[in-house]
Amino acid sequence: MSFSCKGYRENILTFKSDLTKVGVPVTIAGVSEVLQAPAEKDFIGITCYADGKMAGVIMDGYVEMPYTGTNPSFGYTYLVSDGSNGVKTPASTTTSKHNVIVLKLDTTKKIVGFIL
């Protein structure tokens, strides 16, 4: 039997957004609006729906994302946006406040699974 966390505490909020891509780390752009999080910046959640006008954002729960750079650590760790469509361990000069719980790490496919 395999282990799965999909659906765990999944909470989704809908925001105004011009994003059209799912699976993107986002940050607050203004009142009720999100945009793609720039590189080395904290993110509030991951898009699960996007149509260019609105975006559904997973704010809490388990997600799997591509990562770049150094392999994230298991357990509590900090992740930031990589500036494209994934996440990364922050550079030593970056102050991150986004502490997540890493439960899965596929170093071959460069996928990290974590609880927001």
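In this report, the structure presented in the accompanying data block is examined. (Residues numbered from 1 in each chain as written. Predicted model: local features only at pLDDT ≥ 70, side-chain atom pairs only at ≥ 80, totals over all residues. Heavy atoms only, no water.)

A few words now on the pattern of salt bridges. Within the structure shown, the criterion is met by three salt bridges. Between Lys88 and Glu40 there is a salt bridge; the shortest N-O distance is 2.5 Å. In this pair, Lys88 is assigned in strand β9 (residues 87-88) and Glu40 in the loop between β3 (33-36) and β4 (45-50), connecting sequence segments 48 residues apart. (Salt bridge = Lys/Arg side-chain N within 4 Å of Asp/Glu carboxyl O. Helix = DSSP H or I, 4+ residues; strand = E, 2+ residues; numbered from the N terminus.)

Attention shifts here to the sheet that holds strand β8 (residues 80-81). Strand order in the open sheet made by the six strands is β7-β10-β11-β6-β9-β8, with mixed pairing throughout. The sheet is open, and its two borders are formed by β7 (75-78) and β8, each paired with just one other strand. (Pairing = 2+ DSSP bridges.)

We now examine the side chain of Ser81. When you line up the elements, Ser81 lands in strand β8. Within polar-contact distance, the side chain of Ser81 engages the backbone nitrogen of Gly83 at 3.1 Å. (Polar contact = N/O pair within 3.5 Å; in protein donor to acceptor, adjacent residues only side chain to side chain.)

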